[in-house]
Every structure is written in C-alpha cells, then in structure tokens.
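One-letter residues, chain by chain:
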Amino acid sequence: MVAVKNSMIEICTDKKQWDAIIKTCPHADFYHTYDYHQLCKQVDEQAILLKYTGEEHCIVLPLLIRFIEGTPYKDATSVYGYAGPLCTSGCNDFANDDFVDDFQELFLKNNIVSVFSRLNPYIPNQELILKDFGTIVNTGKVINIDLTQNQETQERAYQSRLRTYVNKARRLCTIKEALNKDDIDIFIDMYYENMRRVNAKAHYFFDRQYFFDLMKSNSFEAQILLAVYNETEEIIGGSLFIKKGDIVQYHLSGSREEYLYLNPIKLLIDEMRQIATKENYTYFNLGGGVGSKEDSLFQFKSCFSKNYKDFKVWKYIVNQEVYNELIAKKQKREHANLNDACLNFFPSYRCEL
C-alpha cells in the first residue's frame, strides 16, 4: 500500500477481495472480474486490481503485469475485450491530479515502463478519469443494439435482407441452450472450425477449459445458444453471450461451413436480442471488426444496428528514457529499423517485425 497526500493505492490479487471491490462499481462489465482475468492471463503474467482511494472518489483499474524479457522492467496491459477504469460512485466532478501522481509513483516504484488498456464504450467517465494521463486514441467503432427501445423499433433498424435471413432461419431451425458438456464441446468444435476458416491468429484459439471456466463463473452469466437444423437435428451454429450489470456482450461464435447459407449466427443474435430485452438489459454490444477495422465482420454486425459507439484505447509511457532504450535494443537485436506499423503499435518494443 502506497500512501500519498490524502489518497492511497491498494494492489489486490485475491479473488474474494477483488470480487468485493467490483461489486461496489455499478458499471462494471465482465471484463473487469477476477475470473475473466485469470482466464486471460498468460503463465508469465500477473493479474492485479489497483484501487485508488481519494478524498471523495474511489477508482479501480484492472491490469495484467508482464515482465519484459532480459530486463528488470515490466509493463502493463488489459485483458482482451473492453476494460479500463471504474468509479465506485459518480465521477462527473472527478479531478485526477492526485490520481495521476499516485499512479505515476506506483508504476515507477514497480519498474513498469508503459501501460496500455482497452476502454469500455459503455462505461461513463473513463476519459475523465484518464484526462491528461498519457493519450487516448479512437481506434474504431463497435455496434450496439439499444435494448431500451421496444422490439419493433429494434427490428426496424435491421437491414431488410437481414430480416429475411432471420425469418427463414427461424422457420428451419430450433434454438436451444447448451447446458451439458456434450453441447459445449460441439460449440467449441464449431468455434475452432470458424477460426480456421477465417485464418485467425493463434491467440484466438482459446483452450477448451477456457470455455468451461467461463460457463461456471459466478461473477457473470455466460450463455451459449445453439441452432439446431430441424431437417437433420444437427447443431449447425452456436454463439456465446456474457451478461453482467446492464450489458450483454456477444463474445464468440461458430457455425458449420456447410450450413452457412442458413445464417444460424444471425438467428442466434436475434434470439439473444429478444431475450435480453425481456430481461431489461440496456446494451447489447456486438463489438466491431477484427483489429477495429470496418471489415466484413463489422459489416455483418452493422446489419443489426447503426447505433455505433467509439472504441478507444489508453496508452501511457511511464518512463520515456527506458522506453526509448528498449526500442533501440530491439532494433539492434533484430538488425532492423521499426516500420510504421511497429511505431504505431503500443508498446513499440513489443511489436512483431
């Protein structure tokens, strides 16, 4: 615990304490939970929750701490998804001077060179909390379905062709929830098949236990919906959704290649939209394209809604001198200058040449 002025920062790594802190944050998403951090972290990474307590406000920030190979230094990043800082109460009037000073001191004391975090488009005041603390970059857009609207209004936002696809799929398929190991295994196989079909990078191939651990967490509700083709009674598609607070996240999906023409994933998203509306959730985040690009995945999702939200990331260099040294060492070690893609990657010393 580091005490500075009338504020302090606690470093939390214990599940019970972490869970208790997150419960005090009304806008927490499942990306902030202890369980999700344990699922996402690599063997050589440590998941921590930083809790800043000031005179009037309490801020929490989850991070993954990584060692920088061959050095005494570390850096910090966020889990895959939408994380960033949380405020335990209204932070509309938050002045972050002490917050910035305390975090800078903590990072320096722990040899942390840089910090990166994806932010959450649905959580208020994240940019206010991080104001003048590094840089915040808008990398693209995500698609939201506004669940506070009635279902007819939601459906009118659908592209006309999408409505045709969904109605046809609903006539030909039955939807069920994956409630046993066999169903979850089938979903995992379809997900892997989908990742191979789109030539996804290795880090998208989560191990099988990842899916089962998501399903059994008591920190959020993970739900897999499956589409069963009535003619053959075969499961042809599945989607994994995760609910916490007032947000439903479209997390992962997969379908059999020979049944893509039946559009089972479109049907399952439509089904979850209806379920989540009835359950009084506020946001249904479909996410964006790969790497925040407006690619074919983005176009697929935008068929459901044109309610776009900006997806932003936070970048902060704690120690500029060491940061520059690490880049120089990388260039010398790999006998190459960093190209534009590497220079735009953060932190640059971790880019793949």
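What counts, and at which threshold
- Residues numbered from 1 in each chain as written.
- Predicted model: local features only at pLDDT ≥ 70, side-chain atom pairs only at ≥ 80, totals over all residues.
- Heavy atoms only, no water.
- Helix = DSSP H or I, 4+ residues; strand = E, 2+ residues; numbered from the N terminus.
- Rg over C-alpha atoms; globule rule 2.2 N^0.38 Å.
- Buried < 20%, exposed > 50% of the residue type's maximum accessible area, 1.4 Å probe, protein only.
- Contact = heavy atoms within 4.5 Å.
- Lys, Arg positive; Asp, Glu negative; His and termini not counted.
- Charge placed at Lys NZ, Arg CZ, Asp CG, Glu CD.
- Phe/Tyr/Trp six-rings, centres within 6.5 Å; stacked < 30°, edge-to-face > 60°.
- Pairing = 2+ DSSP bridges.
- Core = buried A, V, L, I, M, F, W, Y, C linked by side-chain atoms within 4.5 Å.
- Axes fitted to C-alpha atoms, helices over the stretch in contact; angles between N-to-C directions.
- Parallel < 35°, antiparallel > 145°, perpendicular 65-115°, else oblique.
- Nonpolar A, V, L, I, M, F, W, Y, C, P; charged D, E, K, R; others polar.
- Disulfide = S-S within 2.5 Å.
- Left-handed = near helix turned anticlockwise from the far one by under 90°.

Draft legend 1. Up close: the overall build of the protein chain. A count of helices and strands for the protein chain gives twelve helices and 14 strands. For 353 residues, the compact-globule formula gives about 20 Å, and the C-alpha radius of gyration of the protein chain, at 22 Å, lands near that figure. Referenced to the eigenvectors of the C-alpha coordinate spread, the extents of the protein chain come out at roughly 65 × 50 × 35 Å. Within the span of the protein chain, comprising 353 residues, buried residues form 54% of the whole. Counting contacts in the protein chain only where the partners sit at least 6 residues apart, residues at least 24 apart contribute 71% of the total. When the 42 basic and 48 acidic side-chain charges of the protein chain are each reduced to a single mean position, those positions are 4 Å apart.

Draft legend 2. Summary view of the packing of aromatic side chains. Enumeration over the complete set of coordinates arrives at 36 aromatic pairs. Seen in terms of ring centroids, Tyr31 and Tyr36 are 5.5 Å apart; in terms of plane orientation they differ by 80 degrees. Their pairing is edge-to-face. When the centroid spacing of 5.8 Å and the interplanar angle of 80 degrees are considered together, the rings of Phe94 and Phe99 count as edge-to-face. A relative accessible area of 7% means that Phe94 is categorised as buried. Ring pairs connect the aromatic residues Tyr80, Phe187, Tyr191, Tyr192, Tyr204, Phe205, Phe206, Tyr210 and Phe211, which therefore count as one cluster.

Draft legend 3. Examining the pairing of strand E4 (residues 58-67) more closely. Burial of E4 is extensive: nine of the ten residues sit out of reach of the surface. Hairpin remark: strand E3 (residues 45-53) followed by E4, antiparallel, with four residues in the connecting loop. One ladder, built from two bridges, connects E4 with strand E6 (residues 86-87); its direction is antiparallel. Across the sheet, Val60 pairs through a bridge with Leu86, a residue of E6.

Draft legend 4. Focus on the nonpolar core. Grouped together as the largest cluster of nonpolar side chains are 60 residues, with contacts concentrated most on Tyr36, Phe187, Tyr191, Phe211 and Leu252. Ile145, Tyr250, Leu267 and Leu286 belong to the second-largest nonpolar core, a separate cluster that totals 30 residues.

Draft legend 5. Seen up close, the environment of Asp35. Along the polypeptide, Asp35 turns up in helix H2 (residues 34-40). For Asp35, a relative accessible area of 15% puts it in the buried group. Taking C-alpha positions, Asp35 is 7.9 Å from Lys15, a pair spaced 20 residues apart along the chain. In this view, Asp35 contacts Lys15, Ser217, Asn218, Ser219 and Phe220; residues no more than four positions away in its chain are not counted.

Draft legend 6. Expanded view of the packing of helix H6 (residues 160-172) against helix H9 (residues 264-278). Look at H6 against H9: their axes get within 9 Å of each other, and the N-to-C directions meet at 90 degrees. Here H6 is positioned roughly perpendicular relative to H9, judged by the angle of their axes. The segment H6 lies against H9, with Leu162, Tyr165, Val166, Ala169 and Arg170 engaging Lys266, Leu267, Asp270, Glu271 and Gln274. Classifying every residue of the contact of H6 with H9 by side-chain character gives five nonpolar, one polar and four charged.

Draft legend 7. Up close: the state of the cysteines. Inspection of every chain in the model, using the stated rule, returns two disulfides. Here Cys342 is linked by a disulfide to Cys351, with a sulfur-sulfur distance of 1.9 Å. Disulfide Cys342 to Cys351: torsion about the S-S bond roughly 95 degrees, handedness right-handed. There is no split in this pair, since Cys342 and Cys351 are both buried. With no disulfide of its own, Cys12 lies 11 Å from the sulfur of Cys25, the closest cysteine sulfur. Its relative accessible area of 1% is what places Cys12 among the buried residues. Residue Cys173 stays outside any disulfide, its sulfur separated by 18 Å from that of Cys303, the closest cysteine.

Draft legend 8. Geometry of the packing of helix H7 (residues 181-197) against helix H8 (residues 208-216). Orientation of H7 relative to H8, taken along the N-to-C sense of each, is 130 degrees, at an axis distance of 10 Å. For the element pair H7 / H8, the angle class is oblique. Remark: the crossing between H7 and H8 carries right-handed chirality. Of the residues in H8, those in contact with Lys181, Ile184, Asp185, Phe187, Ile188, Asp189, Tyr191 and Tyr192 of H7 are Arg208, Phe211, Phe212 and Met215. A class-by-class count of the residues in the contact of H7 with H8 yields eight nonpolar, no polar and four charged.

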